[in-house]
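Each chain, letter by letter, is given below.
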Amino acid sequence: MALQMVERTFKVSTYLLEAPAMLHFSGPTGVGKSFLAKLLAEAVFARHEPICGFLELRMSVSWRHTPKEKVAETIEREILRPLVEQLAVCPASIIVIDDIHFLNGQHVRELRGIFDETNPEISCSTGTYKNKRWSTSKAFFIVTSDLDEKMASLSTTMSSQEATNVIRKLAQEKWGSKSLMAAPSHLVPFLPLDPDHLLKIAQDQLQGLEEKIAKMLNQLNSSPGIKIDWIGSLKHESSLASDIYEAVKEETKIYGARPINDFMQMEVYPLAIDVSMELLQNGSRGNTGKKSSLHWAREMATYVSPLDVRKTATIVNNVELWKDKSGKFHTRMETFSGSSNGPRGVLRHDEL
């Protein structure tokens, strides 16, 4: 539905109004606004031939401390010039302006010409394309904001219309009642994530570890010209995602899914690097002519030495991720024993 909304706005603005399309994604912190904005931008980029480029501009908290006499200079440097350089080369670009809530009413008013419905254009006074005016009519803007940072106004049970009304009021308080950022036709409200959604995010993060390990194997591989193909799998207890969510439950009430992402990056992802290094150094090599899974690896008749030079080296070990009673994470690798020419022997577990 979100992709359909983006495409509908893009088509109406481009083919009927000849004005820049703009959508404002707003809601609490950590609910996926920036992620979805970039995902949808990439989808529209791939599906519509007129689109020729993509630019992401990320605002920061430093805007709140910009002296009034430096506002024009900062807008020029961080917004206008990058936009001009993008649109001069590719007028039909998708522009994502992330965290626009760091801009106040004065900042946003300085940008109103970009979205003008009768004569939308932009210019800058520095750089290669200085002192020329460039139309923004073919561009598509997606802006994101955290207007309900503390989740004080929105709830998981609100309807889309109720959420839109709340966000509109917050936008009017932030940028003024007539600001384009508060226009209902441009608003896309995001609600807080409920526990089920947060648990699903933790589950998805764990499922994505296999792909990260497979990618890391080739990044760490020191043998030029050899691709590492890992056909093992990562196993973990079904309760592990729930354990991760419970560890950061209180923080998610303020920051949404970000504490889960931070926990994975600090506690779990480093283990993926350790696992990748261990697989490269001590992993069992499978017959590269067979695409067997680890679960059928015992039936493999030959053993490929790590020293064999082949275009593809296949690693077949399974890896288990688990958490002890103290909350510390561990990994174990299932390792095959047996002769190099005979069938595989029994598995043993080596804690990494």
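Residues numbered from 1 in each chain as written. Predicted model: local features only at pLDDT ≥ 70, side-chain atom pairs only at ≥ 80, totals over all residues. Heavy atoms only, no water.

Caption draft 1: A look at the overall build of the chain. Of the regular secondary structure elements, the chain holds ten helices and 14 strands. Considering only residue pairs separated by 6 or more positions, the chain has 69% of its internal contacts joining residues 24 or more positions apart. Total accessible area on the chain stands at roughly 18700 Å², and carbon and sulfur atoms take up 51% of it. (Helix = DSSP H or I, 4+ residues; strand = E, 2+ residues; numbered from the N terminus. Contact = heavy atoms within 4.5 Å. Areas by Shrake-Rupley, 256 points an atom, 1.4 Å probe, with all protein chains shown as cover.)

Caption draft 2: Broad picture of the packing of aromatic side chains. Scanning the model with the defined rule gives three aromatic pairs in all. Ring centres of Phe 25 and Phe 190 lie 5.4 Å apart, and the angle between their planes is 45°; this geometry places the pair in the tilted category. One end of the pair, Phe 25, is in strand E1 (residues 21-26); the other, Phe 190, is in the loop between strand E7 (187-189) and helix H6 (195-207), with 165 residues separating them in the sequence. With respect to class, Phe 25 is no different from Phe 190; both count as buried. Considering the side-chain rings of Tyr 129 and Trp 134, the 5.6 Å spacing of their centres and the 90° angle between planes classify their relative orientation as edge-to-face. One residue, Lys 212, lies across the ring of Tyr 269, its end atom 4.9 Å from the ring centre. (Phe/Tyr/Trp six-rings, centres within 6.5 Å; stacked < 30°, edge-to-face > 60°. Buried < 20%, exposed > 50% of the residue type's maximum accessible area, 1.4 Å probe, protein only. Lys NZ or Arg CZ within 6 Å of the ring centre and 35° of its normal.)

Caption draft 3: Representation of empty space enclosed by the protein in the model. The full count for this structure, using the stated rule, is two cavities of 30 Å³ or more. For the largest cavity, the calculated volume is near 50 Å³. What lines the largest cavity is Leu 209, Ile 213, Leu 234, Val 268, Leu 271, Ala 272, Val 275, Val 319, Leu 321 and Thr 331. When residues in the lining of the largest cavity are grouped by element, the largest group, four residues, is from helix H10 (residues 258-282). (1 Å grid on protein atoms, 1.4 Å probe; cavity = no way out; pocket = protein on both sides within 12 Å on 5 of 7 lines; lining within 4 Å. Points joined across faces, edges and corners; volume = space filled by probe spheres on them.)

Caption draft 4: Inspection of H10 at higher detail. In this model, H10 (25 residues) spans 35 Å end to end at C-alpha, consistent with the 36 Å of a helix rising 1.5 Å per residue. At Gln 265, H10 shows its largest bend, some 40°. The complete set of buried residues in H10 reads Pro 259, Ile 260, Phe 263, Met 264, Val 268, Tyr 269, Leu 271, Ala 272, Val 275, Ser 276, Leu 279 and Leu 280. (Expected span 1.5 Å × (residues − 1). Bend = angle between axes of the 7 residues up to and from the residue.)

Caption draft 5: How the structure looks around the packing of helix H8 (residues 240-247) against H10. Two numbers describe how H8 lies on H10: the axes approach to 9 Å, and their chain directions differ by 110°. One element, H8, and the other, H10, form an angle in the roughly perpendicular class. In terms of crossing hand, the pair formed by H8 and H10 is right-handed. Contact residues: Ile 244, Tyr 245 and Ala 247 in H8; Ile 260, Phe 263 and Met 264 in H10. Counted by class, the contact of H8 with H10 contains six nonpolar, no polar and no charged residues. (Axes fitted to C-alpha atoms, helices over the stretch in contact; angles between N-to-C directions. Parallel < 35°, antiparallel > 145°, perpendicular 65-115°, else oblique. Left-handed = near helix turned anticlockwise from the far one by under 90°. Nonpolar A, V, L, I, M, F, W, Y, C, P; charged D, E, K, R; others polar.)

Caption draft 6: Here's a closer look at the pattern of salt bridges. Tallied over the entire structure, the rule returns 14 salt bridges. Close ionic contact of Arg 77 with Glu 78 constitutes a salt bridge, the shortest N to O distance being 3.4 Å. Accessibility expressed as a relative area gives 26% for Glu 78, which makes it partly exposed. The salt bridge partner of Arg 332 is Glu 320, with a shortest N-O separation of 3.2 Å. Taken together, the residues span a long stretch of sequence, with Arg 332 in strand E13 (residues 329-336) and Glu 320 in strand E12 (residues 319-323) at a distance of twelve residues. (Salt bridge = Lys/Arg side-chain N within 4 Å of Asp/Glu carboxyl O.)

Caption draft 7: Region of the structure containing unusual backbone geometry. Even without being glycine, Asp 99 reaches a positive phi, approximately 60°. Residue placement: Asp 99 occurs in the loop between strand E3 (93-98) and helix H4 (105-110). Of note in this structure, Asn 131 is not a glycine but carries a positive phi near 60°. When you line up the elements, Asn 131 lands in the loop between strand E4 (121-122) and strand E5 (134-135). Under the relative-accessibility criterion, Asn 131 is labelled exposed at 62%.

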